[in-house]
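Chain residues, written in single-letter form:
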Amino acid sequence: MERNNSTGSQPSRAKLRAAKRRAVLEAGARLFNDQGFEQTSLEEIAAAVSVTKRTLYYYVDSKEDILFGCHTLGLEFLGEIMDQSQDPSLPVTERIALLIRGYCAWVSTDLGATIAMVREHSLSHLRRTELRASKAEVDFQLRSLISQGIDEGVLRPCDPRLVTAAVFGALNWIPHWNRVEVPVPHGAIAEQYLQLVFEGMLPPSAR
């Protein structure tokens, strides 16, 4: 009987720990974005989630672990968006729109904003390499979709690398100007950016 109680309680403890770890990551992300990674202490993060610094180490190993955890959670969300944009049954322009809308929504969150607000040198070489590889996948996917659109004749000829760099440059700048008291909704930003992107890439007859 005791064994059953112990077994039954294990998933609950794991879920509680995961929820608390996520709360720590979200608190860390907010503080990193607001006051800088180097300027934020573990004591401040612990206070933000109402635990002691000693208790904080039950959920994370270090301040760098918090930052990398923010990136990992965000990239998991992006992975779902990337999966949706790979659906071959959708028109390529709709798949591009899905990817841009999803990225815009992600970078507008505290977790997502760390990718733009906190410099990569705050991470170890190994984690920095892993992060860059994940970001390169998103970059490559948008480039591939633009190339496909050009091949299908639904997009004007252009250099997919330059267009992709311009798109992500604009998206990654959102946290720098939109962290204000009354931010512009990410959905409105995405639609405006999509209009600008497609105005430049769609043939005149398709606009």
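Our subject is the structure listed above.
Residues numbered from 1 in each chain as written. Predicted model: local features only at pLDDT ≥ 70, side-chain atom pairs only at ≥ 80, totals over all residues. Heavy atoms only, no water.

Novice: Honestly, helix H5 (residues 92-107) in this entry has me stumped. Any pointers?
Specialist: Note: α-helices contain 3.6 residues per turn, so residues at a spacing of three or four share the same orientation. End to end, H5 covers 23 Å across 16 residues, agreeing with the expected 22 Å (1.5 Å per residue, within 8%). Counting buried residues in H5 gives twelve out of 16 residues, a clear majority hidden from the surface. Residues of H5 that are buried sit in contact with helix H4 (63-85), helix H6 (110-117), helix H7 (125-152), helix H8 (160-172), helix H9 (174-178) and helix H10 (186-201). (Helix = DSSP H or I, 4+ residues; strand = E, 2+ residues; numbered from the N terminus. Expected span 1.5 Å × (residues − 1). Buried < 20%, exposed > 50% of the residue type's maximum accessible area, 1.4 Å probe, protein only. Contact = heavy atoms within 4.5 Å.)

Novice: Can you walk me through the side chain of Thr-40 in this structure?
Specialist: Among the structural elements, Thr-40 can be located in the loop between helix H1 (2-35) and helix H2 (42-48). At 3.3 Å, the side chain of Thr-40 and the side chain of Gln-35 are in polar contact. Apart from the residues within four sequence positions on either side, Thr-40 is in contact with Leu-31, Phe-32, Gln-35, Ile-45 and Lys-63. (Polar contact = N/O pair within 3.5 Å; in protein donor to acceptor, adjacent residues only side chain to side chain.)

Novice: Can you help me understand the side chain of Arg-128 in this one?
Specialist: With respect to the element layout, Arg-128 can be found in helix H7. In this structure Arg-128 is buried but unpaired, with Glu-120 as the nearest side chain of opposite charge at 5.3 Å. Discounting residues that sit within four places of it in the chain, Arg-128 has contacts with Glu-120, His-121 and Leu-123. (Lys, Arg positive; Asp, Glu negative; His and termini not counted. Salt bridge = Lys/Arg side-chain N within 4 Å of Asp/Glu carboxyl O.)

Novice: Explanation requested: the packing of H4 against H7 in the structure shown.
Specialist: Describing two packed helices takes the angle between their axes plus the distance from one axis to the other. Packing of H4 against H7 leaves a shortest axis separation of 11 Å and a crossing angle of 20°. When the axes of H4 and H7 are compared, the pair comes out roughly parallel. For the element pair H4 and H7, the recorded crossing hand is left-handed. Across the interface between the two elements, Glu-64, Asp-65, Phe-68, His-71, Leu-75, Leu-78, Met-82 and Ser-85 of H4 pack against Arg-127, Glu-130, Leu-131, Ser-134, Glu-137, Val-138, Gln-141 and Leu-145 of H7. Of the residues that constitute the contact of H4 with H7, the class distribution is seven nonpolar, four polar and five charged. (Axes fitted to C-alpha atoms, helices over the stretch in contact; angles between N-to-C directions. Parallel < 35°, antiparallel > 145°, perpendicular 65-115°, else oblique. Left-handed = near helix turned anticlockwise from the far one by under 90°. Nonpolar A, V, L, I, M, F, W, Y, C, P; charged D, E, K, R; others polar.)

Novice: Mind showing me how you'd approach the layout of surface pockets here?
Specialist: Over the atoms a probe the size of a water molecule is rolled, and this reveals where empty space is left. For the largest pocket, the calculated volume is near 210 Å³. Taken together, 14 residues line the largest pocket, and the ones lying closest to its centre are Tyr-103, Lys-135, Asp-139, Phe-168 and Asn-172. Sort the elements by how many residues they give to the lining of the largest pocket and H8 lands first, with four residues. Classifying every residue of the lining of the largest pocket gives ten nonpolar, two polar and two charged. Of the voids in this model, the second largest pocket is the one considered here, and its volume is about 150 Å³. Along its surface, the second largest pocket is lined by Ile-100, Val-163, Ala-166, Val-167, Ala-170, Leu-171, Tyr-193, Leu-196, Val-197 and Met-201. Here the lining of the second largest pocket gets five residues from one element, more than from any other, and that element is H8. Residues that form the lining of the second largest pocket fall into these classes: ten nonpolar, no polar and no charged. (1 Å grid on protein atoms, 1.4 Å probe; cavity = no way out; pocket = protein on both sides within 12 Å on 5 of 7 lines; lining within 4 Å. Points joined across faces, edges and corners; volume = space filled by probe spheres on them.)

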